[in-house]
Amino acid sequence: MNLASSIVLSTKSNLSSFHSLFKFCFDTKNPRRVLLTFRELLNYNEKPNDFTFALLIKACALSCSSSFGFKPTFEANQIHTHLIKSGADQFILVPSCARHELIFQGRTIHGFGIKSGLDSGSQVKNALTSMYARCADLEAAECLFEEIVEKSVVSWNTMIGAYGQNGFFNDAMLYFKQMRERNVEANEVTMVCLLSANANPESTHCFVIKTALIDKCSVNTSLVCEYARRGDSKSAEVLYKSLPQRNLVPLTAILSSHAENGNMSSVMECFAQIQQLDMKPDAVTMVSILHGVTDPCHFGIGLAFHSYGIKSGLSIDNLVANGLISMYSKFDHIEAAFSLFFDMHEKPLISWNSLISGCVQSGKATDAFEVFCQMKMHGHGPDAITIATLLSGCGQLGHLQFGERLHNYVLRNNIEVESFVGTALIDMYTKCGRIERAENVFKSIKDPCLVTWNSMISGYSLYGFEHKALSCFSKLQEQGIKPDHITFLGVLAACTHGGLVDEGRKYFEIMRKEFNVMPGLQHYACSVSLLGRAGLLEEALILIKDMEIKPDFAVWGALLNACCIHQELRIGEYLAKKLFLLDNSSGGFYVLMSNLYATKGKWDEVAKVRKMMRETGGDGCSGISVIEVNSLIQLSQTIPRRVILSLNIQLEKSCYCYKIVLKDIPLWIIAPCSENRQMLIHLMPHSCSACSETRKRNLNLPLWYKAGAIKYGFVHLILIGTPYNNGDAWLLFVQISVAHVGPVDNLLDHFYDL
DNA sequence: TTAGGGTTAG
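Residues numbered from 1 in each chain as written. Chains lettered and ligands numbered in written order. Predicted model: local features only at pLDDT ≥ 70, side-chain atom pairs only at ≥ 80, totals over all residues. Heavy atoms only, no water.

Looking at an unreviewed UniProt entry, chain A carries the name Pentatricopeptide repeat-containing protein, with the source organism given as Cannabis sativa.

With respect to the packing of helix H32 (residues 537–545) against helix H33 (residues 553–565)
Two elements in contact, H32 and H33, have axes whose closest approach is 11 Å; the angle formed by their N-to-C orientations is 170 degrees. With respect to their mutual orientation, H32 and H33 come out roughly antiparallel. Taking contact as the criterion, the partners of Leu537, Ala540, Leu541 and Ile544 in H32 are, on H33, Val555, Trp556, Leu559 and Ala562. When grouped by side-chain class, the residues that make up the contact of H32 with H33 number 8 nonpolar, no polar and no charged. (Axes fitted to C-alpha atoms, helices over the stretch in contact; angles between N-to-C directions. Helix = DSSP H or I, 4+ residues; strand = E, 2+ residues; numbered from the N terminus. Parallel < 35°, antiparallel > 145°, perpendicular 65-115°, else oblique. Contact = heavy atoms within 4.5 Å. Nonpolar A, V, L, I, M, F, W, Y, C, P; charged D, E, K, R; others polar.)

Describing the environment of phenylalanine 515
With respect to the helices and strands, phenylalanine 515 occurs in the loop between helix H30 (501–513) and helix H31 (521–533). Counting along the chain gives 33 residues from phenylalanine 515 to lysine 482, while the straight-line C-alpha distance between them is 7.6 Å. Setting aside its immediate chain neighbours within four residues, phenylalanine 515 contacts Phe473, Gln477, Lys482, Pro483, Phe488 and Ile510.

Here's the deal with helix H28 (residues 466–478)
Taking 1.5 Å per residue as the helical rise, H28 with its 13 residues ought to reach 18 Å, and the 19 Å between its terminal C-alpha atoms agrees with that figure. By the burial criterion, the buried members of H28 are Glu466, Ala469, Leu470, Cys472, Phe473 and Leu476. One face of H28 carries all of its buried residues, which in axial projection span an arc of 150 degrees. Opposite its buried face, H28 presents the exposed residues His467 and Glu478, each directed more than 90 degrees away. At its buried positions, H28 is contacted by helix H27 (450–462), helix H29 (485–498) and H30. Following H28 by one or two positions, glycine 480 has its phi on the positive side, about 80 degrees. (Expected span 1.5 Å × (residues − 1). Buried < 20%, exposed > 50% of the residue type's maximum accessible area, 1.4 Å probe, protein only. Arc of directions from axis to C-beta.)

Quick look at the packing of helix H15 (residues 248–260) against helix H16 (residues 264–276)
Where H15 meets H16, the closest approach of the two axes is 8 Å, and the angle between their N-to-C directions is 165 degrees. Viewed along their axes, H15 and H16 adopt a mutual orientation that is roughly antiparallel. Note on packing geometry: the crossing formed by H15 with H16 is left-handed. Packed against H15, whose contacting residues are Leu248, Leu251, Ile254, Leu255, His258 and Ala259, the element H16 presents Ser266, Val267, Cys270, Phe271, Gln273 and Ile274 at the interface. Class assignment for the residues of the contact of H15 with H16 results in 9 nonpolar, 3 polar and no charged. (Left-handed = near helix turned anticlockwise from the far one by under 90°.)

Quick look at the protein's contact with DNA strand B
Residues in contact with DNA strand B amount to 43 residues; listed here are only the nearest, Asn126, Asn157, Asp282, Leu319 and Ser357. One of the side-chain nitrogen or oxygen atoms of asparagine 322 is found 2.8 Å away from a base oxygen of DNA strand B. The contact in question runs from a sugar or linking oxygen of DNA strand B to an N or O atom on the side chain of aspartate 427, over 3.3 Å. (Near = heavy atom within 4 Å. Polar contact = N/O pair within 3.5 Å; in protein donor to acceptor, adjacent residues only side chain to side chain.)

A word on the UniProt feature "repeat: PPR" (unreviewed entry) in chain A
According to UniProt, the "repeat: PPR" (unreviewed entry) feature falls on residues 152–186, 348–382 and 449–483. Helix makes up 74% of residues 152–186 and strand makes up 0%, while its end C-alpha atoms are separated by 10 Å. Annotated as residues 348–382, this span is 74% helix and 0% strand, and its ends, taken at the C-alpha atoms, are 11 Å apart. (UniProt positions renumbered as here; feature names shortened; annotations may be inferred.)

Some words on the confidence of the model for chain A
Of the residues in chain A, 69% have a pLDDT of 70 or more, and the chain-wide mean is 74. Ranking the elements of chain A by mean pLDDT puts helix H38 (residues 744–748) last with 31 and helix H17 (residues 283–292) first with 94. Low confidence marks residues 619–722, where pLDDT is under 50. Its contacts with residues over four positions away, or in another chain, come to 250 contacts. Residue range residues 732–754 is modelled with pLDDT below 50. Its contacts to residues more than four positions away, or to other chains, number 85 contacts. (pLDDT = per-residue confidence, 0-100.)

Details of helix H20 (residues 334–343)
For H20, the set of buried residues is Ile334, Ala337, Phe338, Leu340 and Phe341. Seen end-on, H20 carries its buried residues on one side only, within an arc spanning 165 degrees. Buried-residue contacts for H20 involve helix H18 (299–312), helix H19 (318–330), helix H21 (349–361) and helix H22 (365–377).

Describing the packing of aromatic side chains
Across all of its chains, the model carries 24 aromatic pairs by this definition. On the basis of an interplanar angle of 80 degrees and a centroid distance of 5.6 Å, the ring pair of phenylalanine 176 and phenylalanine 207 is categorised as edge-to-face. Residue phenylalanine 176 is located in helix H10 (residues 169–181), and its partner phenylalanine 207 is located in helix H12 (residues 201–210); the two are separated by 31 residues in the primary sequence. Residues phenylalanine 176 and phenylalanine 207 agree in their burial class; the two are buried. Pairing phenylalanine 299 with phenylalanine 331 gives two aromatic rings, centres 4.8 Å apart and planes at 50 degrees, and the pair type is tilted. Of this pair, phenylalanine 299 sits in helix H18 while phenylalanine 331 sits in the loop between H19 and H20, and the two are 32 residues apart along the sequence. (Phe/Tyr/Trp six-rings, centres within 6.5 Å; stacked < 30°, edge-to-face > 60°.)

Put into structure tokens, the structure is as follows:
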């Protein structure tokens, strides 16, 4: 129990003391504590009134909106039980409900209100409306709103907020118009709600000047924030400077918009301003700054702010720690990200997501899956963000099986296949060789956004379905969606793969003329490749010479590749010199040169280039290969709990990570290749008996489970699994994937138990 | 009773 609770409860307990305590819980952003405190209230035999009721609803609503994933809280369930147990005689008999979601707790309290007659006041109805809105039950919110006889500005604000919070911006605006038609005067909250419902800041700005609401601190703060959020830093700054009072919130919003644009010098100016004005930067300020650190040249700034965070104590804040994890991951310092994560006192889902995403972003998807397993062991279920991130990891590894399981999870749990998850699925299926499934996912999305269209266009182009890609491009335009630079990359790639020279020229032209999208290096590289492959080397060269940006390795490389195709040794050698000066460490360059000489049968030159490649370490990018072996193993008639498998996997010099799927339970094995050394097996947490048994024995499930050895170049495994009976025999379906995932030492570093 | 800067995702 915290200090405030002790103070209130040590004095003579009365209802208003409890109400004060409830308010304290809201102020300290701990709505769930309200629910616990309500239990105390009942213990003290205090009779709640309608105000208690309204506060309880607010607590439920806030808890509900903050617990993404509809996870019931222990406290809410407790209070529910209390309502039934101790409040039965005076409040309710609650209808039993199978779904244990937090909204259920809110409905329980609603039911209690109806029965006790405490729900008729408009204040309570407003609170209830807001609760349902936060739980995305707009139908219930609307019903309640209709019941309110005298709809005050608060009632209208609640509905504007309800629709705005749930993304129905047009409806929010309609309610605002209706409110005006009924001559209800808007207040500052109306404006804040409208702005957060994506209202145009310019028109809102005019309106608030006319109605004198501009003088309200919350209104101008929201306006500055909205200008900033839309990337209009200038308007945000002009408005901010016109304000009499300096305030950290709008200044942070401006800083954040600069950070979003990667404009670190402006970010630093804002930060200096904050310090000059003696304002204390908070966690949001810190996290906004860290968000802006995307360019490697700014990494030093990021490090400096990490130090600042340690000194100021801000780095303890979860938000800041998440921001730091993301920043370090962006620059491939995944060890630092892990270290920060392990030091966190509390690890909410969002922090797990940050780390998982960090692993995927830094190209270590295997680690992301390990972290995901740990996350599940700690009792967190994945949300839409976890799933989208992991799907991206599946695409990275070509890990179709796990991707499919994630898709099944989405379907089983009624997670909406909307823009983020849908696009991630399309991306995963495309990268895992299942374009038809990507198509099906795409068709299931009601209202695909630009990024989703882009994924499908790129997918088609990758598979050489250039006409489908171009048809997608036309449909996208029919929907009134404006293509961006990624769309054109997909479209140009489709033309290149299909050899559609005229179309490619046309799209390159309309890209800037019609859509005002300036071609970047990748667009040029693609067009050069298109022209070069078609043998139009001169036109490709002219295109490069006319570029308004300096051509990079990819652009010249595309031309060199065309030279290989058309055996243009003379131009090829000229380009090779250019490329060598640009970047002589890239393996790609040597491969291209070697291919060029090979087409002409110049084997001596090929050998020279290969030697150069070895000497410069240019062949640094090793590939990942995955071999899948399926086998059905028949076991003895007795029910074997301990299954001994001798798997015939020849070990090679480098270290490998093996993934064995026992039935559908994946086990990861890291195999250090020194002979006779114990092999370490990692059990992926799952609803398998092996895992639950281990968990029962030891709550701190060791990450690695010693169970095998490597002898004579073969892998011998002892697995504890549950085989299944097909009526005749006990069977174990084993699928083995062998994937080279890099040096074992790097992987092992991340885990504690070794 | 209604609202207000931020982190994680394609």
